[in-house]
Structure formats: C-alpha cells, structure tokens
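# Results of the structural survey
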Amino acid sequence: MSGAGSLVSVEGVGKRYRNGVWGVRDVTFRLPAGRVTGLVGPNGAGKSTTLNLLGGLIRPTTGTVEMVSANGRVGWCPQVDLIDWSLTVAENVLLGGRLLGLGRKEARSSTAAVLEVTGLSACAERNAETLSGGQLRRMQIARALIGDPAVLILDEPTSGLDPEGTDVLFGELRARARHGAVVLVSSHDLHSVESFADDILLLEAGTVVAHSPVQEFLARGEEVVGVEVDLDAPPDGALRALLAGQLVELSIDGSHVAGRFKPGTTTAGFLRMVLSAAEVADFKQRTASLRDVYLARSPGAGPSGREAS
Ligand SMILES: Nc1ncnc2c1ncn2[C@@H]1O[C@H](COP(=O)(O)OP(=O)(O)O)[C@@H](O)[C@H]1O
Ligand SMILES: [Mg+2]
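Residues numbered from 1 in each chain as written. Chains lettered and ligands numbered in written order. Predicted model: local features only at pLDDT ≥ 70, side-chain atom pairs only at ≥ 80, totals over all residues.

## Topic: the overall build of the chain
To keep it simple, the criterion reads: Each helix corresponds to a stretch of at least 4 residues labelled H or I by DSSP, and each strand to a stretch of at least 2 residues labelled E; elements are numbered beginning at the N terminus. Put plainly, a residue is buried at 20 or more neighbouring C-beta atoms within 10 Å of its own, exposed at 12 or fewer, and partly exposed in between, counting only other residues' C-beta atoms, which are placed from the backbone. Remark: residues whose backbone-derived C-beta atoms lie within 7 Å of one another are considered to be in contact.
Counting its secondary structure elements, the chain contains 10 helices and 13 strands. In terms of overall dimensions, the chain has C-alpha extents of about 70 × 45 × 40 Å along its principal axes. Across the 309 residues that make up the chain, the buried fraction comes to 40%. At a minimum sequence separation of 6, the contacts of the chain that also span at least 24 residues come to 71%.

## A closer look at the sheet that holds strand β11 (residues 247–253)
Within a sheet, neighbouring strands are paired by backbone hydrogen bonds and run either parallel or antiparallel to one another. Worth spelling out the cut-off: A pair of strands counts as paired when DSSP detects no fewer than two bridges linking them. Orientation is described by lines fitted to C-alpha atoms, with helices fitted over the stretch in contact, and by angles between N-to-C directions that extend from 0 to 180 degrees.
One open sheet holds the four strands; their spatial order is β11-β12-β10-β13, and the pairing between them is antiparallel. The open sheet terminates on both sides in strands that have one partner only, identified here as β11 and β13 (280–286). Across the sheet, the mean angle from the axis of one strand to that of its neighbour is 15 degrees, orientation sign disregarded. Note: strand β10 (residues 226–231) against strand β12 (residues 256–261), five bridges, orientation antiparallel. Bridge pairing in β12 places E228 opposite A258. Across the sheet, helix α8 (residues 237–246) lies against β11 and β12, angled at about 145 degrees from β11, the strand it touches most. Along the sheet, helix α9 (residues 267–275) contacts β10, β12 and β13; its crossing angle with β13, the most-contacted strand, is approximately 160 degrees.

## What about the domain arrangement of the chain?
For the record, the criterion: Where each domain starts and ends comes from a domain assignment, either automatic or drawn from a database. Three classes are used: nonpolar for Ala, Val, Leu, Ile, Met, Phe, Trp, Tyr, Cys and Pro, charged for Asp, Glu, Lys and Arg, and polar for all others, with Gly counted as polar.
Assigned domains within the chain: domain 1 (7–219) and domain 2 (226–296). Relative to domain 2, the C-alpha centre of domain 1 lies at a distance of 38 Å. Taken together, the contacts link eight residues of domain 1 with six residues of domain 2. Put simply, the parts of the chain that give the side of domain 1 that touches domain 2 at least two residues each are α6 (190–196) and α7 (214–219). For the side of domain 1 that touches domain 2, the element with the most residues is α6, which contributes four residues. Of the residues assigned to the side of domain 1 that touches domain 2, the class counts are six nonpolar, one polar and one charged.

## As for the packing of helix α2 (residues 89–99) against helix α4 (residues 133–145)
Definition in use: We call two directions roughly parallel when the angle between them is under 35 degrees, roughly antiparallel when it is over 145, roughly perpendicular when it lies between 65 and 115, and oblique otherwise. When the near helix sits turned anticlockwise from the far one by under a right angle, the crossing is termed left-handed; a clockwise turn instead gives a right-handed crossing.
Packing of α2 against α4 leaves a shortest axis separation of 8 Å and a crossing angle of 30 degrees. Classified by the interaxial angle, the pair formed by α2 and α4 is roughly parallel. Between α2 and α4 the crossing geometry is right-handed. Contact residues: V89, N92, V93 and G96 in α2; M139, A142 and R143 in α4.

## Re the pairing of strand β2 (residues 22–32)
Examined bridge by bridge, strand β1 (residues 7–16) and β2 share seven bridges and lie antiparallel to one another. Its bridge partner being in β2, V8 is matched across the sheet by L31. Hairpin connection of β1 to β2: five residues between the antiparallel strands, including G20 at a positive phi of 95 degrees.

## Thoughts on the confidence of the model for the chain
Our working rule: A residue's pLDDT is simply how confident the predictor is in it, with values from 0 to 100.
Mean pLDDT for the chain: 91, with 94% of residues reaching 70 or above. For the stretch residues 299–309, pLDDT sits under 50, and the model shows 13 contacts to residues farther than four places along the chain or on other chains.

## Points about the sheet that holds strand β9 (residues 207–213)
In spatial order, the strands read β5-β6-β7-β3-β8-β9; together these six strands make up an open sheet with mixed pairing. This sheet does not close on itself; its edge strands, each paired only once, are β5 (74–77) and β9. Going from strand to strand, the sheet's axes swing by 15 degrees on average, the running direction of each strand aside. With four bridges joining them, strand β3 (residues 36–40) and strand β8 (residues 199–204) adopt parallel strand pairing. Opposite V40, over in β8, you have L202 as the bridge partner. Sheet strands in contact with α4 are β5 and β6 (151–155), and its direction is about 165 degrees off that of β5.

## Some points on the nonpolar core
As a reminder, the rule being used: Core membership is restricted to buried Ala, Val, Leu, Ile, Met, Phe, Trp, Tyr and Cys residues, and these are joined into a nonpolar core through C-beta atoms within 7 Å.
Membership of the largest hydrophobic core comes to 64 residues, with the highest contact counts inside it found for V93, A142, I153, L173, V182 and V183. With five residues, α4 is the single largest residue contributor to this core. Domain assignment of the residues forming this core places at least three in each of domain 1 (7–219) and domain 2 (226–296). Excluding residues that lie within four positions of it along the chain, A142 makes contacts with V93, V114, L115, T118 and L120. V227, L231, L243 and F270 belong to the second largest nonpolar core, which has 10 residues in total.

## Observations concerning the environment of L115
Following the sequence through the fold, L115 ends up in helix α3 (residues 104–117). Judged by the 23 C-beta atoms lying within 10 Å of it, L115 is buried. Here the alpha-carbon distance between L115 and R286, two residues 171 residues apart in the chain, equals 39 Å. Residues contacting L115, with those up to four places away along its chain left out, are A90, V93, L120, S121, A124 and A142.

So, in structure tokens, the structure goes:
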C-alpha cells in the first residue's frame, strides 16, 4: 500500500450535541502520512467526538474535516464494539471488508491476514457471542485493519486488551504508518503511546492543548523527576510517612521505594531526608515518562469529574 498523499485535516471544528454540550470546540490539526499520532486526554476531553467526526459518524457544527485516503479506504475502530452477534468472527471481519468495497477474493485473503495479526486465527469459525471481551476487541481491530486502509482511526483499541495484544497492535500500527498510512489512535495507555507513537495530540475540555512529537512533549517535563531507591532494609512507619510526604504514586516493595516527586520536592532535599533516616544501597533518578509529563502538565490536572467516556 502506498499512502503517499493521504491526509487528515481538521480546521476550526466544533461539535455541539443536541443537548447543548460542546464535545469539542475550535479544534485544528493536520496529520501527515507516515506517522502514528496518539490522541490522549482525560475522560470527556473530546477524543471520541473527534474520532467520530473523522469516522463520519457525526457531523461538525462548525469548521471542516478533510480526509484523503490514498487508496480510498478508511479503517475505523469505534470505542464501543459494533458486532453482528449472529455471525462468526471471520464473517464479522469479512463484512467489514465488503462494506469497504473489497472484492470477495481480496476480502477473504485480507480477513485471514488481519485475523492472524490480531491473534484470532484459531477463533475464526467461532460465533462472535462465544468470544471473551478482549477477543471481541481484537475482532473490532481486525475490522479496522482489513483491506490495508491508508487512513486508520482507532478509538481506545487497547481498552480490554492484554499487554501482548497491545504491543502487537501498536507495533502493527507503527509498521503501517511506516508504509505510508495516517494513523490516529486514542489511548489511556501512555506507556504504549510513548513507546510507539511519533506524535501526541492532547485534548482537554474539548480543545487541543498540545500537538507535537512525543520527544518534544517529553522535553517540556525536564523538571519532573521521580526516584527509585534501594534501602538497606524495608522502611519503618516513620520513614514511610516521610516518603509519603515527598512522593506521589509511592510504591514500596520490601526495601525498594519508587515514586514521583510532589511539586517543590528536589532530588537534594529528598536525599537529605532519606539519608537522615536510613541507609541507601542504591539510588536512581527517574526521568520523566509521558505519564509523568501528562500528570504534571497543569496544576490540579486529573479526572475532570465529567462524565466518563
Ligand atoms: N452523544 C452525546 N450527547 C451529548 N453529549 C455528548 C455526547 N457524546 C459525548 N458528549 C459529551 O462531549 C464531551 C466529550 O466527550 P467524548 O468525546 O466522548 O470524550 P472522550 O472520548 O475524550 O472521553 C463530554 O462532555 C461528553 O459528555
Ligand atoms: Mg472516548
């Protein structure tokens, strides 16, 4: 598949739902072929609204959405599975290919290929209703991948997937981007986004707050560091309290302590505190991960208390 010329462009797009809620407001971005873009943001930020606009499921209230697929095909994985329960796994996927306009022969061979990629070959002839939740998710992903679309839009495809399935999927998305596809994938799995995405598109409260290469986004968070410390012995109650005073996401596993600095904590201050109370066998600074930067990006950032997605 040559994806040269594929493009997704969103210009000043707003979506107002019937109840008056704006799902997104004035969203503008452009996605070139050849890159995986990770769409991230808290529940209710507007990720699904954006992807549903791209999928053609809903129409923008303002602005324009432009999608150009070099091979005329768009693969779309909705957040909630669309399944025909009366069909087998292979038939569900094949149907997706037929709806995309694939001929019978290509639809068959492509079905076999995407079932292989999603690890469903052994379930091909089973009825959809006999699958587990994660297997159903894989089937939905297979339906998005069938026919090698030059544009791929996936809404939280890895929710419910096991770690192996997640890695295989992101690896596949990356390979397809390298062959020229435009790939936009929303996910709360920031570790995978950091490992596999080229760019990050961060939405908050219906607007784009960041759109940059992942590495640039991470560089913003240089001041955000965590620690990993090996103590000579498991910390006692008093030291635990001190650690909890300086670290969030504190994990204590025997004498191994890890966490992220609270605002205002410095490495030097933290070390002084620990050394005054315990022997330190080993110490490592944790550089900022995408998750760290994401969580530190604005004071009080976190679950917005809006409806869950
Ligand atoms: N069909 C709908 N009708 C009314 N409001 C909606 C609808 N779908 C989403 N919303 C609202 O739009 C906002 C964005 O939602 P959504 O795009 O689903 O966010 P995300 O996928 O990032 O969690 C939320 O405030 C949500 O409640
Ligand atoms: Mg959503």
